[in-house]
Each structure stands twice: as C-alpha cells, then as structure tokens.
Amino acid sequence: MDATFVLVHSPSVGPLTWASTAQMLEASGAPAIVPSLTGVADACPPYWRAVAGTVTAAMDRLPQTRPVVIVSHSNAGLFVPVVVAATTRRVVGCVFVDAALPSPAGPTPVAPPELLDFLRPKAVGGRLPQWTEWWEESEVAPMFPDVRTRDAVSAEQPRLPLGYYQELVPNPAGWDDRPCGYLRFSPPYEPVADDARQRGWTVDHLSGRHLHQVVDPRAVADRILAITHRWRSSAS
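Fair warning: this is a prediction, and the values are worked out from it, not measured in the lab. (Residues numbered from 1 in each chain as written. Predicted model: local features only at pLDDT ≥ 70, side-chain atom pairs only at ≥ 80, totals over all residues. Heavy atoms only, no water.)

Visitor: Would you take a moment to explain the sheet that holds strand β7 (residues 180–184) for this structure?
Guide: Remark on secondary structure: sheet strands pair via backbone hydrogen bonds, oriented parallel or antiparallel. Spatial strand order, β2-β1-β3-β4-β7-β8: six strands in an open sheet with parallel pairing. With one partner strand each, in any of the chains shown, β2 (32–33) and β8 (202–205) form the two edges of the open sheet. Sheet analysis places strand β3 (residues 68–74) next to strand β4 (residues 91–99), joined by seven bridges and oriented parallel. When the bridges of β4 are listed, Val69 appears paired with Gly93. Packing against the sheet, helix α2 (residues 47–60) makes contact with β1 (4–8), β2 and β3, and its axis sits at approximately 155 degrees to β1. Helix α8 (residues 190–198) contacts β4, β7 and β8 of the sheet and is inclined by roughly 160 degrees relative to β7. (Pairing = 2+ DSSP bridges. Helix = DSSP H or I, 4+ residues; strand = E, 2+ residues; numbered from the N terminus. Contact = heavy atoms within 4.5 Å. Axes fitted to C-alpha atoms, helices over the stretch in contact; angles between N-to-C directions.)

Visitor: How should I be thinking about the layout of surface pockets in this particular structure?
Guide: A water-sized probe, rolled over the atoms, reveals where empty space remains. Estimated volume of the largest pocket: approximately 880 Å³. Forming the boundary of the largest pocket are 34 residues, of which Ser74, Leu115, Trp135, Tyr189 and His210 lie nearest the centre. Breaking the lining of the largest pocket down by element, the ones donating at least two residues are β3, β5 (108–109) and α8. When the residues that make up the lining of the largest pocket are grouped by side-chain class, the tally is 21 nonpolar, nine polar and four charged. Quantified by volume, the second largest pocket comes out at close to 160 Å³. The wall of the second largest pocket is formed by Leu16, Ala19, Ser20, Asp146, Arg148, Thr149, Ala152, Val153, Val214 and Pro217. Looking at the lining of the second largest pocket, the elements that each hand over two or more residues are α1 (16–27) and α6 (147–155). Looking at the lining of the second largest pocket element by element, the count peaks at four residues for α6. Looking at side-chain class alone, the lining of the second largest pocket contains six nonpolar, two polar and two charged residues. (1 Å grid on protein atoms, 1.4 Å probe; cavity = no way out; pocket = protein on both sides within 12 Å on 5 of 7 lines; lining within 4 Å. Points joined across faces, edges and corners; volume = space filled by probe spheres on them. Nonpolar A, V, L, I, M, F, W, Y, C, P; charged D, E, K, R; others polar.)

Visitor: I tried to follow the pairing of β1 on my own but got confused; where do I start?
Guide: Two faces make up the sheet, and in a regular strand the side chains alternate between them. For β1, the buried fraction is high: five of the five residues fall into the buried class. Burial along β1 is two-sided: Thr4, Val6 and Val8 facing one way and Phe5 and Leu7 facing the other are all buried. Where β1 meets β3, five bridges bridge the pair, whose relative direction is parallel. The residue of β3 that forms the bridge with Thr4 is Val68. Pairing geometry for β1 and β2, over two bridges, is parallel. Looking at β2, one finds that Phe5 is bridged to Ala32. As for the winding sense of the linkage, the β-α-β connection from β1 through α1 to β2 is right-handed. (Buried < 20%, exposed > 50% of the residue type's maximum accessible area, 1.4 Å probe, protein only. Right-handed = clockwise from strand over helix to strand, strands pointing away.)

Here's what the structure looks like:
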C-alpha cells in the first residue's frame, strides 16, 4: 500500500508509545509519522479541535499526493472522524488499536459517566495526574517491558484538564466510507472489537496489555500491515 501510516497516540500519553512501531513500519518499507499531541493539554477547548489540527498539520508536511492510513490507539480513536473531516489528504483506511470507537451516529463522549466519576476526585486545580498515576502499581508495571521504557513513556505524559474528558467529539457522517480495521490487545477492549466486527470491519487480536506496542512493536507493526493487506486483497 503506497501510503504513509499516521500513528495517533492518546493525548493521555505521548508519542513514545508509537515511536518503536513507527520504526518497525519504516523498516518494512512503510513510511510512518507520529504527530505529538502532548500540547493538547494546554490548548483552548474544544480539545478535539486541537487534536484534529495537530494531526492534519503533520499530514500536510507529507508529499502532496501521498495518501494516508490513520492508526489510532486508546481514546485517540474517538478523534478519527474529526481528523478525516479536517484533512484534504486522501485517507485510504483507518486502523483502531486497542482503541475506543466513535459512536455509530451523533457526537461521542470522551469519557462515559462512570469514568468521569472516577476522575473528578483526582483533579487538582482542574488538572488530572499523569495517566499512569491513576491506577494501582500492579496494573501499571506489567504494561511496560522494562523500567527504562516506563520512565521514558511516563516522563512525557501530560496532565490533562478534566474538561478534556467532559467533551463531546463531533462525528461527521461519511468518515468511515473507507476500509477500517481493529486490532485488539487487552481483554477490556473485547466488546469494542466485537462492535468493530459488527460494523463489518477487519478485526484481529494480538494478546497483550493496553500498551503492547511498547512491548512488541515488531509484532504490532506486522499486524497493522496485515490488516491493510487484507483490504487490498478484498478489493482485488
């Protein structure tokens, strides 16, 4: 597929979560970029506009005729419709990796009510702690292959405003009028993968925890490529 892979990380973390996977894609002959969304935490609301603007600005720096595949992780999946709507670039596919999905129709809440109830007591001055500080150590430590990787990924995590999680993200019609796929890692995203399957998307499973792309970037890159290759085979 003659396209650049645009790897979009959750604004809760940083671009290092995708950096090694981008390197593996490049090593396979697939150009890849990782726009940094760490500045979203300090943007003016609505925050979804900052996400869309940052990703489209990164795509605008690619060769003009280069199509793209948008690959989103975690809650970055919610922003795919506004990214597709904002860009003039030809988007030839979207892959969601252990990611939240946009609503089938209508705006999508960034966080469901139960997550907001969990987050509100954690906010200080309207800001949340870094994402890895939300959870117990027994949940966080196994997501990383070693202490060095954990320290690097943790260091670039922003402290997002609580307001980021209180937004509704627009869901422009037609964003999914192109091949879409879902790669699941962790058990909590199994119902989301089932939803993707019901939408008629290509679905795959690579067993791991939520940040498995920092644990085995080679395998993750291979599965992303395999999903796009299935699209090409289906179209031929």
